[in-house]
Amino acid sequence: MQADHLDGNALAGPLAEIFAADVSVAVSRCAACGLTGPVASLHVYDRAPGLVARCPGCEEVVLRLVRSPDAAWLDLRGAVTLRIPLGGAGPGAVASAGGEPGADR
Amino acid sequence: MTRWHVARLVKVRDENATARTLVFDVPGWPGHLAGQHVDVKLTAGDGYSARRSYSLAGPEGVELTVQRVPDGEVSPYLTLDMEPGDELELRGPVGGWFVWRPDGPAPVLLVAGGAGIVPLMAMIRARRAAGADTPFRLVYAVRSPERLCYADELLRPDPGVSVTLAYTRRVPEGHPRPPGRLTAADLGPYGEADCYVCGPTGFVEASAALLVGLGHDPARIRTERFGPTGD
């Protein structure tokens, strides 16, 4: 495993290609240890055929994303839940369809 | 769904010998929040393409500051070869987590390591553009004076914004702080604040740990890491 990792902020672009909401601000719950936190805080390893996001608490795989020329493969095996903020106040407002700056999805 | 935009370079500005700011014209750009980034895609004639993420440096328009990484695949082109009129593809704005909004009431502590200054500079500029009076404090760790970005702007007085420069390897003559890694003394004393930390992975881990040690609530520390090289 590479020693240096990125974080879930780096997933924002690749996931914006798939989802209408900004999944990087979603709160995920790790299937292995139960830790909850924003997807933006996951440890992301990108020296692989895709992106691998691991739990910052237990380093188990939470999410994997591989983009082939004509499809995206998304493996969410390590996330029990994703709480995705939709509209209103808070970080999710960026991802809402409310016309706020940044709502380009 | 976020689409790729065609961006045309309109202006460049050297920040120092190895970093350059690029200003792009992007028709249909929807606006963004300070701290957001874009994904840049460069495609070679043979179809090979490389993608990188770069933070937006200002509150308006598409302005990126890129640190050149020796032997990098993308940054040498952006910092040396790309000329006004040239185009590339970019996707964004993306990333709604590492953002600051001008209506945020809490004091803000910004901690930058090297090129990690870019999204934090966007926050300082957004504060100024909005006429906000939120107290800001920036602690900017940088290798040497030659590596400083936005030097003139940061040294100019900006009411409500305090700037601490922490040189890690070499200091300019007369600088009071000896060169060395960031310490708790640089980040303290503790004051209630929303913290934003951006830099290389090791820097972010170390700085976030120092902030927690000073008494900051981990839930109020937002971090953004870039890779071992940034390219």
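If you're wondering where the values come from, they're calculated on a predicted model, not measured in any experiment.

Peer 1: Any chance you could explain the overall build of chain A here in plain terms?
Peer 2: Scanning chain A from N- to C-terminus turns up 1 helix and 8 strands. Helices and strands appear in chain A in the N-to-C order β-α-β-β-β-β-β-β-β. When each of the 105 residues of chain A is scored for burial, the buried share is 48%. Partitioning the contacts of chain A with sequence separation of at least 6, the portion at a separation of at least 24 is 45%. Surface summary for chain A: the accessible area is close to 4900 Å², and the carbon and sulfur share equals 57%.

Peer 1: Would you explain the nonpolar core in this entry?
Peer 2: Soluble globular proteins tend to pack their nonpolar side chains together in the buried interior. All names here are of chain B. By size, the foremost hydrophobic cluster in this structure holds 30 residues, and its most contacted members are Leu 110, Ile 117, Leu 120, Met 123, Leu 138 and Tyr 140. Elements supplying a minimum of two residues to this core: β7 (108-113), α2 (117-130), β8 (136-142), β9 (161-167) and β10 (194-200). In terms of residue count, α2 provides more of this core than any other element does, 8 residues in total. Mapping this core onto the domain boundaries places at least three of its residues in each of domain 1 (4-94) and domain 2 (108-226). Setting aside residues up to four positions removed in sequence, Ile 117 forms contacts with Ala 112, Leu 138, Tyr 140, Cys 149 and Tyr 150. Ranked by size, the runner-up nonpolar core spans 20 residues in total, among them Trp 29, Ala 50, Leu 64 and Val 74.

Peer 1: Help me understand the sheet that holds strand β5 (residues 51-54) of chain A in this model?
Peer 2: What links the strands of a sheet is backbone hydrogen bonding, and the strands pair in either a parallel or an antiparallel sense. Residue and element names in this part refer to chain A. A sheet is described by the order of its strands in space; here 5 strands give the open sequence β1-β4-β5-β6-β7, paired in antiparallel fashion. The open sheet has two edge strands with one neighbour each: β1 (6-7) and β7 (71-75). Bridge analysis of β5 against strand β6 (residues 61-68) gives 4 bridges, and the strand direction is antiparallel. Note on β6: the bridge partner recorded for Leu 51 is Leu 65.

Peer 1: So what exactly am I meant to see when it comes to the pairing of β7 of chain B here?
Peer 2: Looking down a regular strand, the side chains alternate between one sheet face and the other. Residue and element names in this part refer to chain B. The buried count for β7 comes to 6 of 6 residues, which makes it a mostly enclosed element. With burial as the criterion, each face of β7 is covered, one bearing Val 108, Leu 110 and Ala 112 and the other bearing Leu 109, Val 111 and Gly 113. Sheet analysis places β7 next to β10, joined by 5 bridges and oriented parallel. Across the sheet, the residue bridging to Val 111 is Val 197, located in β10.

Peer 1: When you look at the domain arrangement of chain B in this model, what are you seeing that I'm missing?
Peer 2: Accessible area lost upon the coming together of the parts is a frequently used measure of interface size. Residues and elements named next belong to chain B. Each assigned domain of chain B is listed here: domain 1 (4-94) and domain 2 (108-226). Relative to domain 2, the C-alpha centre of domain 1 lies at a distance of 23 Å. On the side of domain 2, 15 residues touch domain 1, which itself brings 17 residues to the contact. Of the roughly 1200 Å² buried where domain 1 meets domain 2, counting both sides, 56% is carbon and sulfur surface. Remark: the boundary between domain 1 and domain 2 carries 1 salt bridge. Measuring nitrogen to oxygen at the nearest pair gives 3.9 Å for the salt bridge that ties Glu 63 to Arg 125. Taken together, domain 1 and domain 2 are joined by 6 residue pairs in polar contact (both at pLDDT 80 or more). Within the residue set of the side of domain 1 that touches domain 2, elements represented by two or more residues are β2 (19-25) and β5 (62-67). Per-element accounting of the side of domain 1 that touches domain 2 gives the leading share, 3 residues, to β5. In the side of domain 1 that touches domain 2, the residues fall into 6 nonpolar, 9 polar and 2 charged.

Peer 1: Whenever I open this one, the sheet that holds β2 of chain B confuses me. Can you help?
Peer 2: Residues and elements named next belong to chain B. The strand order across the open sheet formed by 6 strands is β4-β3-β6-β1-β2-β5, and the pairing between neighbours is antiparallel. The sheet is open, and its two borders are formed by β4 (49-55) and β5, each paired with just one other strand. In this sheet, neighbouring strand axes are inclined to one another by 40° on average, regardless of whether the strands run parallel or antiparallel.

Peer 1: Mind showing me how you'd approach a nonpolar patch on the surface here?
Peer 2: Residue and element names in this part refer to chain A. A grouping of Ile 18, Phe 19, Leu 74, Leu 76, Leu 82, Ile 84 and Leu 86 is seen on the molecular surface, where their side chains present a nonpolar patch of about 540 Å² in accessible area. With respect to the element layout, Leu 82 can be found in strand β8 (residues 79-83). On the basis of relative accessibility, which here comes to 31%, the residue Leu 82 falls in the partly exposed class.

Peer 1: Quick question: what am I supposed to make of the pairing of strand β1 (residues 4-14) of chain B here?
Peer 2: Residue and element names in this part refer to chain B. Both β1 and strand β6 (residues 87-94) contribute to a ladder of 5 bridges, which runs antiparallel. By the bridge assignment for β6, Trp 4 is matched with Arg 91. In terms of strand pairing, β1 meets β2 through 6 bridges, oriented antiparallel. Counted as the bridge partner of Arg 8 is Asp 25 from β2. What sits between β1 and β2 in their antiparallel hairpin is a turn of 4 residues.

Peer 1: Would you explain the pattern of salt bridges in this entry?
Peer 2: Side chains that differ in sign of charge can pair as their charged atoms come close. This model, assessed by the stated rule, comprises 21 salt bridges over all chains. Between Asp 7 of chain A and Arg 225 of chain B there is a salt bridge, with its nearest N and O atoms 3.2 Å apart. Placement of the pair is Asp 7 of chain A in strand β1 and Arg 225 of chain B in strand β11 (residues 221-226), with the two residues belonging to separate chains. Exposure class is identical for Asp 7 of chain A and Arg 225 of chain B. Each is buried. Residues Asp 194 of chain B and Arg 220 of chain B are paired through a salt bridge, measuring 2.8 Å at the closest nitrogen-oxygen approach. With Asp 194 of chain B in strand β10 and Arg 220 of chain B in the loop between α5 (201-214) and β11, this pair connects stretches of sequence that are 26 residues apart. Residue Asp 194 of chain B is classed as partly exposed on the basis of its relative accessible area of 24%. On the basis of relative accessible area, Arg 220 of chain B is assigned to the partly exposed category, the value being 27%. Several salt bridges share partner residues, and in doing so they unite Arg 13, Glu 15, Glu 63, Arg 125, Arg 127, Arg 128, Glu 153 and Asp 158 of chain B into one network.

What counts as what
Residues numbered from 1 in each chain as written. Chains lettered and ligands numbered in written order. Predicted model: local features only at pLDDT ≥ 70, side-chain atom pairs only at ≥ 80, totals over all residues. Heavy atoms only, no water. Helix = DSSP H or I, 4+ residues; strand = E, 2+ residues; numbered from the N terminus. Buried < 20%, exposed > 50% of the residue type's maximum accessible area, 1.4 Å probe, protein only. Contact = heavy atoms within 4.5 Å. Areas by Shrake-Rupley, 256 points an atom, 1.4 Å probe, with all protein chains shown as cover. Core = buried A, V, L, I, M, F, W, Y, C linked by side-chain atoms within 4.5 Å. Domains from an automatic or database assignment. Pairing = 2+ DSSP bridges. Buried area = accessible area lost by both parts, 1.4 Å probe. Salt bridge = Lys/Arg side-chain N within 4 Å of Asp/Glu carboxyl O. Polar contact = N/O pair within 3.5 Å; in protein donor to acceptor, adjacent residues only side chain to side chain. Nonpolar A, V, L, I, M, F, W, Y, C, P; charged D, E, K, R; others polar. Axes fitted to C-alpha atoms, helices over the stretch in contact; angles between N-to-C directions. Patch = residues over 30% accessible without salt bridge, like charges linked within 9 Å, V, L, I, M, F, W, Y side chains within 5 Å.

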